[in-house]
Amino acid sequence: MENNRAVIIWLFTGFFLVFIMVVVGGITRLTGSGLSMADWKPIMGAIPPMTEVEWMDKFDLYQQTPEFEKVNSTYTLIEFKSIFWWEFIHRLLARIIGIVFIIPFIFFWIKKKFDKVLLKKVFIIFILGGLQGLLGWYMVKSGLVDKPHVSHFRLAAHLLTALSVMVYILWVIMDIVYPNRESVHVKGLKKTAWVLLILIILQITYGAFVAGLKAGFMYNTFPKMGANWIAPEVGEGGFASLFSHGATVQFIHRALGIILMLFAPLFWIWARRQNVVGRQNRGFIFLNVSVAFQVLLGILALVYVVPVSLGVIHQAGAVLVLCAAVYLLHQTKE
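Q: For this particular structure, what's the right way to read the nonpolar core?
A: One broad trend across soluble globular proteins is that nonpolar side chains are buried collectively. Counting 69 residues, the largest nonpolar core has Trp 10, Leu 11, Phe 114, Ile 200 and Leu 287 as its most contacted members. When residues of this core are traced back to their parent elements, those giving at least two are α1 (5–30), α4 (77–110), α5 (116–142), α6 (152–177), α7 (189–213), α9 (246–273), α10 (278–303) and α11 (308–330). Per-element accounting of this core gives the leading share, 13 residues, to α6. Not counting residues within four places of it along the chain, the set of residues in contact with Ile 200 comprises Leu 260, Leu 287, Val 321, Leu 322 and Ala 325.

Q: What am I meant to see in α4 here?
A: An α-helix turns once per 3.6 residues; consequently, residues spaced three or four apart project the same way. Taking 1.5 Å of rise per residue, the 34 residues of α4 would be expected to cover 50 Å, and the 48 Å separating its terminal C-alpha atoms lies within 8% of that figure. Maximal helix bending in α4 amounts to about 25°, located at Phe 84. Note on α4: the residue one or two positions beyond its end, Lys 112, has a positive phi of about 55°.

Q: Looking at this structure, how should I read the environment of Phe 59?
A: Position of Phe 59 among the secondary structure elements: in helix α2 (residues 52–63). Given the relative accessible area of 6%, Phe 59 is considered buried. In contact with Phe 59, not counting residues within four places along its chain, are Phe 68, Tyr 75, Thr 76, Leu 77 and Phe 80.

Q: Sorry if this is basic, but what is going on with the pattern of salt bridges here?
A: Pairing between side chains of opposite charge can happen when their charged atoms approach one another. Counted by the stated rule, this structure contains two salt bridges. Across the salt bridge formed by Arg 91 and Glu 87, the nearest N and O atoms sit 2.8 Å from each other. Within this pair, Arg 91 and its partner Glu 87 are both found in helix α4, separated by four residues, close to a single helical turn. Note on accessibility: Arg 91 and Glu 87 belong to one class, buried.

Q: How should the packing of α7 against α9 be read in this particular structure?
A: Helix packing for two helices is described by the angle between their axes and how far apart those axes are. Two numbers describe how α7 lies on α9: the axes approach to 9 Å, and their chain directions differ by 155°. Overall, the two elements α7 and α9 adopt an arrangement that is roughly antiparallel. Between α7 and α9 lies a crossing of left-handed hand. Looking at the contact of α7 with α9 residue by residue, the class counts come to 19 nonpolar, seven polar and no charged.

Q: Help me understand unusual backbone geometry in this model?
A: Apart from glycine, the bulk of residues carry a negative phi angle, and the bulk of peptide bonds sit in the trans form. Put simply, Phe 222 and Pro 223 share a cis peptide bond, and its omega is 10°. Phi is positive for Lys 214, close to 55°, though the residue is something other than glycine. Tracing the chain through its elements places Lys 214 in the loop between α7 and α8 (241–244). Given a relative accessible area of 55%, Lys 214 falls into the exposed group. Despite not being glycine, Val 306 shows a phi value in the positive range, around 50°. Note that Val 306 resides in the loop between α10 and α11.

The rules behind the values
- Residues numbered from 1 in each chain as written.
- Predicted model: local features only at pLDDT ≥ 70, side-chain atom pairs only at ≥ 80, totals over all residues.
- Heavy atoms only, no water.
- Core = buried A, V, L, I, M, F, W, Y, C linked by side-chain atoms within 4.5 Å.
- Buried < 20%, exposed > 50% of the residue type's maximum accessible area, 1.4 Å probe, protein only.
- Helix = DSSP H or I, 4+ residues; strand = E, 2+ residues; numbered from the N terminus.
- Contact = heavy atoms within 4.5 Å.
- Expected span 1.5 Å × (residues − 1).
- Bend = angle between axes of the 7 residues up to and from the residue.
- Salt bridge = Lys/Arg side-chain N within 4 Å of Asp/Glu carboxyl O.
- Axes fitted to C-alpha atoms, helices over the stretch in contact; angles between N-to-C directions.
- Parallel < 35°, antiparallel > 145°, perpendicular 65-115°, else oblique.
- Left-handed = near helix turned anticlockwise from the far one by under 90°.
- Nonpolar A, V, L, I, M, F, W, Y, C, P; charged D, E, K, R; others polar.

Geometric values such as these leave the question of function open.
Have a look at this one:
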């Protein structure tokens, strides 16, 4: 570990920056800023408009988009600037992350800081990061053609790819820091940890569907959906409603949250009876605290009609839950 201290710091820096980008991405979505930049200039786009003329050029481009024509046709230049900056910061962070990964990578490679296994893992990080960038532009581009919004499927894919980058970086870090798993072997622990992780990924996916469909604004009461435990229109449209019907998607997101709220502590109680200790037990503590916090945030965000602050914290909370589950999985043995 001592020999890899610089590499660990580098990876942790990348992990933290991706986390910040996910948070800023949440702000960008909640403030309706994602379609404010109608062009894509990988190099020159890193420089924001500096003069009034440059701002007007950006605003002219925006005025040609479906979002301006159908949603924000009354926007002034000042209002445009307020949404432009969040998308600009989001893209700028992506560029910074690229630089933070590429330049130290070249240095560490020259200094032979990577063995063959670690080098392959770093290349996988680069592949995932490149895919994330392509998906981001593909998602934004879809909202610049005919409809002033992006597909909730593309939004979910963009978020999940970003989280995949984070999770994989975290896994690589833990491989270096913890070359050996915990000594305590518990039959069934790893399989159950995988089930938990899949449930969390499914919940995050439905969270993205809720965001993309703006389903969080449909029923803002808890635990009931309005006057009913299950909204009357849940399930309308058959099988497709499971993925594209607002009320149905919100109901599934609620149900998955409750399932996780019960699953996590029951899993911990079972594991404690199997004498789970050390890092595994700390993983369970981190998991249960983050799940409880996330459920509370979800309820508050719902009841207060998804204010930007609570919506962003709720998204950040989902990342913590995911990281806790990944940490726990990493510490389990076959």
